[in-house]
Every structure is written in structure tokens, then in C-alpha cells.
Amino acid sequence: MRLRAAAAAPALLLAPLPAYAQAYQCRVPEAAPPVPPVTRGEPERRAPLAGYTLALSWSPEFCRFRANAPEHVRQCSGRNGRFGFIVHGLWPEGEGGRRIQWCNARQPAPNDLRPNLCLTPSAPLLVHEWAKHGSCMAQRPATYFRIERILWNSLRWPDFDRLSRRQGLTAGAIRAAFAEANPYWEPEHVGLVLNPRGWLQEMRLCYGKDFMPADCDRRRYGPADEAPVKIWRGL
């Protein structure tokens, strides 16, 4: 079940060149953060592996009402940079839509977290995602976080500021814009999550077992292409 980084390398080497535009002015901190504890709230679940989901949170929407929240100061205060999409987590997906989660995990070290703090600007979220999802993919936290960085750096980003100003914006238009910016990607590979008011909340990028883009199932695909979408810019 657990992934070796070397096994993913052939597919990942085919990905497009790095793009860093989503973390505006962010710098990886010189000091490694403390590692917070994690409380497991659900049972361990295992299943045959079907693929992976890279879940990306739209930070302006997340921070819309959290700018002054102490627990979200790194992401939402603006003092550590302005963020567009951030990595919520990388999730192994089981066959038949079954979740794979909460495998036995070692505690990450502070330096395991530090390189990812411009992708996921929250030490508690990094630790949670490793314990819940990464522990079912890799033996070591550093391997899981390295795979996240490889996938993240393979992505190119359309201009979401321009998209947010488009009249009649739809879920299909967002999927098409992302696919146009990224070789090997098709709109069917891009899932979206909207909040109840129709604002963009997350993007769910779907991968096969070989880490190449794959069609999303209905659960991950989200709203139909014709669904109207609003994007909160936050700047």
C-alpha cells in the first residue's frame, strides 16, 4: 500500500516546469515550527489503491473571515505572504470510492514540516494530513511531503484574478482554464468544491496510481460544468 518515492518518479518527470505564483512573497521560515499533537478521530481504513487526490484550498475564501484568527495567522494575516491556492493535502484513494486513512504513523520532525510551509502554511494541518493520509502512502513524513512538493511544482496556473472577474463564470470554465494551462490535463481531471453560497472553496486534482492525471469520479468531480461559480479575490 505504501508508496516509494522512486516508483512515482517516471510519471512525475513528464510533468511541466515549476510554477510558484500561488504563494505571493512567501519565504520558507529559517526556524522549523514546533510539531503539534494530532488526535485521531476516525478508525484506520485500508483498501486496494485506485489513485490519488491533490486537494488545493483557495486561500482568499478560507481567510475571508479568519484574518484575525490566531490559529491561522501564518496563512491569513498577510505577514507571511499572500496565498492563492494552498495544498490542503495529498490523499490516497481506495477502489470503489473507499477512503484510505489513519495508518500507523511516526511523528514528523520539525524539519519535515519546514520545506512545505509555503505550500501549506499551517504546521497543524501538515501534521494532520501526514497522520491521516500520508501515513498510508509512505514510510517517512519527509517522503510524503516531498511528493506533495513535486506535484505542486509541476502545476501551472491560469490567472484566477481575471477568471474571478468574468461574467457568467462556471465550473466548466475553471476546469477548461486549468487544463489549457497544464499539458497532460483535461477538464475531466479537475474536481471543484463550492461552498453553499457558490464561492470556490477547493480544487481536487485527480491522479491515477502512476501519478498521471486521471478522470475524477463523481464524488471528487463536484458541481456540474454549467454550475455558476464566484471567486473571492481577497486582495
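Residues numbered from 1 in each chain as written. Predicted model: local features only at pLDDT ≥ 70, side-chain atom pairs only at ≥ 80, totals over all residues. Heavy atoms only, no water.

A.B. asks: Account for the overall build of the protein chain, naming residues and giving values.
C.D. replies: Helix and strand counts for the protein chain come out as 9 helices and 6 strands. Taken over 235 residues, the protein chain has a buried fraction of 52%. Long-range contacts, defined here as pairs at least 24 residues apart, represent 79% of the contacts in the protein chain between residues at least 6 apart. (Helix = DSSP H or I, 4+ residues; strand = E, 2+ residues; numbered from the N terminus. Buried < 20%, exposed > 50% of the residue type's maximum accessible area, 1.4 Å probe, protein only. Contact = heavy atoms within 4.5 Å.)

A.B. asks: Go over the packing of helix 5 (residues 123-132) against helix 6 (residues 141-153), please, and point to the residues and values.
C.D. replies: At their nearest, the axes of helix 5 and helix 6 sit 11 Å apart, and the two run at 105° to each other. Judged by the inter-axis angle, helix 5 sits roughly perpendicular to helix 6. Listed contacts from helix 6 to Leu126, Glu129 and Trp130 of helix 5 are Pro141, Tyr144 and Phe145. Of the residues that constitute the contact of helix 5 with helix 6, the class distribution is 5 nonpolar, no polar and 1 charged. (Axes fitted to C-alpha atoms, helices over the stretch in contact; angles between N-to-C directions. Parallel < 35°, antiparallel > 145°, perpendicular 65-115°, else oblique. Nonpolar A, V, L, I, M, F, W, Y, C, P; charged D, E, K, R; others polar.)

A.B. asks: Give a description of the state of the cysteines that names residues and reports values.
C.D. replies: Under the definition given, this model contains 4 disulfides. Linked covalently through their sulfurs, Cys26 and Cys118 form a disulfide whose S-S length is 2.0 Å. With the S-S dihedral at roughly -90°, the linkage between Cys26 and Cys118 falls on the left-handed side. Of this pair, Cys26 sits in the loop between strand 1 (23-24) and strand 2 (49-58) while Cys118 sits in the loop between helix 4 (110-113) and helix 5, and the two are 92 residues apart along the sequence. In terms of burial, Cys26 and Cys118 fall into one category: buried. The partner cysteine of Cys206 in its disulfide is Cys216, sulfur to sulfur 2.0 Å. Torsion about the S-S bond of the Cys206 and Cys216 cystine: about 110°, corresponding to right-handed handedness. Here the residue Cys206 occupies a position in strand 6 (residues 200-208), and Cys216 occupies one in the loop between strand 6 and helix 9 (218-221), the gap between them amounting to 10 residues. Take Cys206 and Cys216: they sit in the same class, and that class is buried. (Disulfide = S-S within 2.5 Å.)

A.B. asks: So, the side chain of Arg175: which residues are in play, and what are the values?
C.D. replies: Here Arg175 shows up in helix 8 (residues 171-181). Taking the relative accessible area as the measure of exposure, Arg175 reaches 0% and is therefore buried. Within polar-contact distance, the side chain of Arg175 engages the backbone oxygen of Pro223 at 2.9 Å. (Polar contact = N/O pair within 3.5 Å; in protein donor to acceptor, adjacent residues only side chain to side chain.)

A.B. asks: Requested: an account of the environment of Val127, with residues and values cited.
C.D. replies: Mapped onto the elements, Val127 comes out in helix 5. When neighbours within four sequence positions are excluded, Val127 is seen to be in contact with Val35, Pro36, Val38 and Leu113.

A.B. asks: Before we move on, could you go through the packing of aromatic side chains and cite the residues and values that matter?
C.D. replies: Summed over all chains, the structure comprises 14 aromatic pairs. With a centroid separation of 6.1 Å and an interplanar angle of 50°, the aromatic rings of Trp130 and Tyr144 are classed as tilted. Note that Trp130 is positioned in helix 5 and Tyr144 in helix 6, a separation of 14 residues in sequence. The pair formed by Trp130 and Tyr144 is uniform in burial state, with each residue classed as buried. With centroids separated by 6.4 Å and ring planes inclined at 55°, the aromatic side chains of Tyr207 and Phe211 adopt a geometry described as tilted. For the pair Tyr207 and Phe211, a shared accessibility class is recorded, and that class is buried. (Phe/Tyr/Trp six-rings, centres within 6.5 Å; stacked < 30°, edge-to-face > 60°.)

A.B. asks: Pulling in residues and values, what's your account of the pattern of salt bridges?
C.D. replies: One pass over the full model with this rule turns up 12 salt bridges. Taking the shortest distance from any N to any O, the salt bridge between Arg175 and Asp225 comes out at 2.7 Å. With a gap of 50 residues between them, Arg175 in helix 8 and Asp225 in the segment after helix 9 connect regions that are remote in the sequence. Between Arg220 and Asp217 there is a salt bridge, with its nearest N and O atoms 3.4 Å apart. Through salt bridges with shared partners, a single ionic network connects Glu93, Arg99, Asp217, Arg219 and Arg220. (Salt bridge = Lys/Arg side-chain N within 4 Å of Asp/Glu carboxyl O.)

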